[in-house]
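Structural characterization, general
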Amino acid sequence: MWLKRTAEALALGMTAMTGGCVNVTAPDKPIVINLNISITQEVVYRLDNKAKTLIQENPGIF
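Below: a short report on this structure. (Residues numbered from 1 in each chain as written. Predicted model: local features only at pLDDT ≥ 70, side-chain atom pairs only at ≥ 80, totals over all residues. Heavy atoms only, no water.)

1. With respect to the overall build of the chain
- Helix and strand counts for the chain stand at two helices and zero strands.
- In the chain, which comprises 62 residues, the share counted as buried stands at 0%.
- Accessible surface computed for the chain: about 7100 Å², of which carbon and sulfur atoms make up 60%. (Helix = DSSP H or I, 4+ residues; strand = E, 2+ residues; numbered from the N terminus. Buried < 20%, exposed > 50% of the residue type's maximum accessible area, 1.4 Å probe, protein only. Areas by Shrake-Rupley, 256 points an atom, 1.4 Å probe, with all protein chains shown as cover.)

Below, the structure written as structure tokens:
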């Protein structure tokens, strides 16, 4: 019996604690997000000596 009363008192206390009011308002100024992003891509290629000489000997191959 005392357990039931304790549980009821606890539930009543928790309900009383959450009975507040929450106000949500929009800001006066717009939200500005600055994204300063710099994307740099570097392509590095290496040619085999055979391929390099083949291209030099036959420039119209590509």
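2. Description of a nonpolar patch on the surface
- Together, Ile31, Ile33, Leu35, Ile37 and Ile39 make up a nonpolar patch on the protein surface, roughly 680 Å² of accessible area in all.
- Looking at the element boundaries, Ile33 is found in the loop between α1 (2–17) and α2 (49–57). (Patch = residues over 30% accessible without salt bridge, like charges linked within 9 Å, V, L, I, M, F, W, Y side chains within 5 Å. Salt bridge = Lys/Arg side-chain N within 4 Å of Asp/Glu carboxyl O.)

This is a description of form; function is not addressed.
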